[in-house]
Amino acid sequence: MAVTDLRKPINPVRAIGERIIQIALLLAAAVSIFTTAGIVFSLIFETIAFFSEVSIIEFLTDTEWTPLFANQRFGIWPLVSATVLTSAIAMVVAVPLGLIAAIFLSEFANDRVRRTVKPLLEILAGIPTVVYGYFALTFLTPLLRNFIPTLSIFNSLSAGLIMGVMLIPIVASLSEDALSAVPNSLREAAYGLGSTRFEVAVHVILPAAISGVIASIVLAFSRAVGETMIVAIAAGQNPRLTFDPTVPVMTMTSYIVQVSLGDTPYGSLSYHTLYAVGFTLFLFTFVLNIFSYWMVRKFREVYD
Amino acid sequence: MTIIHEMDRSNPNAIEARNMSVYYGSFRAVKNVNLAIEKNRITALIGPSGCGKSTVLRSFNRMNDLVASARVEGEILFHGENIYAPGVDPVNVRRRIGMVFQKPNPFPKSIYENVAYGPRINGWKLSKSQMDELVERSLRGAALWDEVKDKLNQNGLSLSGGQQQRLCIARALAVEPEVILMDEPCSALDPISTLKIEELMFELRQNYTIIIVTHNMQQASRASDYTAFFLMDSDRAGQLIEYGPTSQIFQNPKDERTEQYISGRFG
Ligand SMILES: Nc1ncnc2c1ncn2[C@@H]1O[C@H](COP(=O)(O)OP(=O)(O)O)[C@@H](O)[C@H]1O
Ligand SMILES: [Mg+2]
């Protein structure tokens, strides 16, 4: 067979088909990239428009946020503090419970339990967040008021706790994947040295899977930061710089909801605040992702 | 079948299996094994693949408990006590009967932490200098100290395969077991690393009892004191065919099947 025969396609129709599929896949990939780029650009564009009217110094130093009032103030911190507070409360719930569930499922439960519990956990992740929001407002807050009489109807405590419950499946499911991926040979090594189940899980398997576990936590945190319905419904609409979990606050996402639902005219200053807040939110999750990437690489225990 | 009582032994038994059968679900993998392991000797378990050598070995420190379907019948005596008796904690058994696996499996931690792991989880209250000493002693015991003493903080997985296996031996030594079970510890290693491990086993024999599974006839013949030959019967259940001093098994086997196996006619 001559060399040229090797270059000639065996079946020209098949070769063209391959080509079409490649182009289609490329287009699909391009669409998602362009959409993302488009979103980021419009965010940046409108944010620049905002900062041509409001100084970045005021944005970063003022402690009040009242763009919809006559006396407009544009300090972002009240919104940031509310987002951080509700997210932190959520993490206090989601990380320990999610990790315990993951360790239980991966290291303690037998196959049958694992096969029933994991799908149940994923159902929890499928509940619409608006349901969680009303659950926080109409069930958890009244319940908590029995113990904390000063608790406002709208507060970051209930919203944060319920958001934590919502995030348990994310931490549990992704951490469980990371724990289960640790090779069995490490379990055998640890058991062979006389470790208890608990010691194997905590001293060997968890450290070996730590990069995946951290990734699951960071993902849950960025979900908390971006979560909208629960905080909009249950945490209140009152921008104030506080870390008191019993009073109404307003997160970045709640503000975006409030303005989007209102009758803010297109192109006005209060319209542009949407983008400034949205951009801040974007920066938050962006930094979290970079941080997660860095942590995952730093802590990865390579096995094999 | 068993000729243990005829053996001329200078040491007491380290482990003794009496009428041991092991099941995986309803499948009987090992049938009616009687095997007394002499203390401070190297005993090799040989036989064709699938005849239950690993199963027997893993029954000696209750590693089979980790397989949900596995079940052991009969008795395994350690210091005269049945390790399968109700109330015996397998964790305690494994602390005294250590194990080295076929594929080197160091933890993804530093060399130092690999060795220190066992003493730590055992709750030994050691000062930093005592721990340093124990780590050094264990690594020396595994003939690895000179190669790693300058890089104790490096990841154990950065070592070569042979070094990793010796690290696993050092890790097992650090908890000061009485018996060390080795399941084909050299099968993933090159010939030079293999010889190193064999030399090491000879050193360790002064202080430890070693039971080694091997598929390598030369290894069994040159590196063990006793050899136990297993074969499966028509139900695929492994049985102990012949057991005796290694020289006798290899030069003067009593059972025809043993002779066939060691002369390489099957398996
Ligand atoms: N975890 C297990 N579950 C079910 N059967 C097993 C398991 N481990 C081993 N077996 C079976 O038990 C028999 C003996 O296996 P093994 O002890 O690994 O033999 P060897 O080490 O001599 O090659 C084989 O038939 C094998 O398929
Ligand atoms: Mg085997």
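What counts, and at which threshold
Residues numbered from 1 in each chain as written. Chains lettered and ligands numbered in written order. Predicted model: local features only at pLDDT ≥ 70, side-chain atom pairs only at ≥ 80, totals over all residues. Heavy atoms only, no water. Helix = DSSP H or I, 4+ residues; strand = E, 2+ residues; numbered from the N terminus. Expected span 1.5 Å × (residues − 1). Buried < 20%, exposed > 50% of the residue type's maximum accessible area, 1.4 Å probe, protein only. UniProt positions renumbered as here; feature names shortened; annotations may be inferred. Near = heavy atom within 4 Å. Polar contact = N/O pair within 3.5 Å; in protein donor to acceptor, adjacent residues only side chain to side chain. Areas by Shrake-Rupley, 256 points an atom, 1.4 Å probe, with all protein chains shown as cover. Salt bridge = Lys/Arg side-chain N within 4 Å of Asp/Glu carboxyl O. Contact = heavy atoms within 4.5 Å. Buried area = accessible area lost by both parts, 1.4 Å probe. Nonpolar A, V, L, I, M, F, W, Y, C, P; charged D, E, K, R; others polar. Domains from an automatic or database assignment.

Caption draft 1: Quick peek at helix 6 (residues 161-174) of chain B. Residues and elements named next belong to chain B. Over its 14 residues, helix 6 runs 20 Å from end to end, which matches the ideal 20 Å to within 8%, given 1.5 Å per residue. With 13 of 14 residues buried, helix 6 lies mostly within the body of the structure. Where helix 6 terminates, the next one or two residues include E176, which has phi positive at roughly 50 degrees.

Caption draft 2: Molecular detail of the UniProt feature "transmembrane region" (unreviewed entry) in chain A. UniProt feature "transmembrane region" (unreviewed entry): in the numbering of this structure it lies at residues 20-45, 76-105, 117-137, 157-179, 200-221 and 274-296 of chain A. Secondary structure over residues 117-137 of chain A splits into 90% helix and 0% strand, and the C-alpha atoms at its two ends are 28 Å apart.

Caption draft 3: Geometry of the UniProt feature "domain: ABC transporter" (unreviewed entry) in chain B. Cross-referencing UniProt, the feature "domain: ABC transporter" (unreviewed entry) maps to residues 15-262 of chain B in the present numbering. Secondary structure across residues 15-262 of chain B comprises 37% helix and 27% strand; the distance between its end C-alpha atoms is 25 Å.

Caption draft 4: Spatial organisation of the site of ligand 1. All names here are of chain B. For ligand 1, the full set of nearby residues is Y24, F27, A29, S49, G50, C51, G52, K53, S54, T55, V67 and R236. Residue K53 places a side-chain N or O atom 2.9 Å away from an oxygen atom belonging to ligand 1. One of the side-chain N or O atoms of S54 is found 2.6 Å from an oxygen atom in ligand 1. Isolated, ligand 1 exposes 560 Å² of accessible area, and the fraction of that covered by the protein chains is 65%. Residue assignment for the shell around ligand 1 shows that the elements contributing at least two residues are strand 2 (27-38) and helix 1 (53-59). Counting residues per element, the shell around ligand 1 draws most heavily on helix 1, at three residues.

Caption draft 5: Spatial organisation of the pattern of salt bridges. Evaluated as defined, the whole model comprises 22 salt bridges over all chains. For E107 of chain A, the salt bridge identified is with R187 of chain A, shortest N-O distance 2.9 Å. On the criterion of sequence distance, the pair formed by E107 of chain A in helix 4 (residues 77-108) and R187 of chain A in helix 8 (residues 184-192) is long-range, its members being 80 residues apart. There is no split in this pair, since E107 of chain A and R187 of chain A are both buried. Put simply, E198 of chain B and R222 of chain B hold a salt bridge, and the shortest N to O gap is 2.5 Å. Of the two residues, E198 of chain B is situated in helix 7 (residues 191-204) and R222 of chain B in helix 8 (residues 217-223); the sequence distance between them amounts to 24 residues. A relative accessible area of 43% means that R222 of chain B is categorised as partly exposed. Among the charged side chains, a network of salt bridges with common partners joins K118, E176 and D177 of chain A.

Caption draft 6: A look at the interface of chain B and chain A. Taken together, the contacts link 23 residues of chain B with 21 residues of chain A. Summed over both sides, the interface of chain B with chain A buries roughly 1700 Å², with 61% coming from carbon and sulfur. For the chain B face of the interface with chain A, the top three residues by lost area are P108, Y117 and I121 of chain B, together amounting to 29%. Our count for the contact surface shared by chain B and chain A stands at two salt bridges. Salt-bridge contacts for R95 of chain B lead to E199 of chain A; the nearest nitrogen and oxygen are separated by 3.6 Å. Counting every contact that joins chain B to chain A gives five residue pairs in polar contact (both at pLDDT 80 or more). Secondary structure elements with two or more residues in the side of chain B that touches chain A: helix 2 (90-96), strand 6 (97-100), helix 3 (111-121) and helix 6 of chain B. A per-class count over the side of chain B that touches chain A returns 14 nonpolar, three polar and six charged.

Caption draft 7: Structural context of the domain arrangement of chain A. Residues and elements named next belong to chain A. Looking at chain A, the domain boundaries give domain 1 (12-52) and domain 2 (77-299). Placing a centre on the C-alpha atoms of domain 1 and another on those of domain 2 gives a separation of 30 Å. In this complex, domain 1 contributes eight residues to the contact, which on the side of domain 2 involves nine residues. In total, about 790 Å² of surface goes out of reach between domain 1 and domain 2, with carbon and sulfur atoms giving 81% of it.

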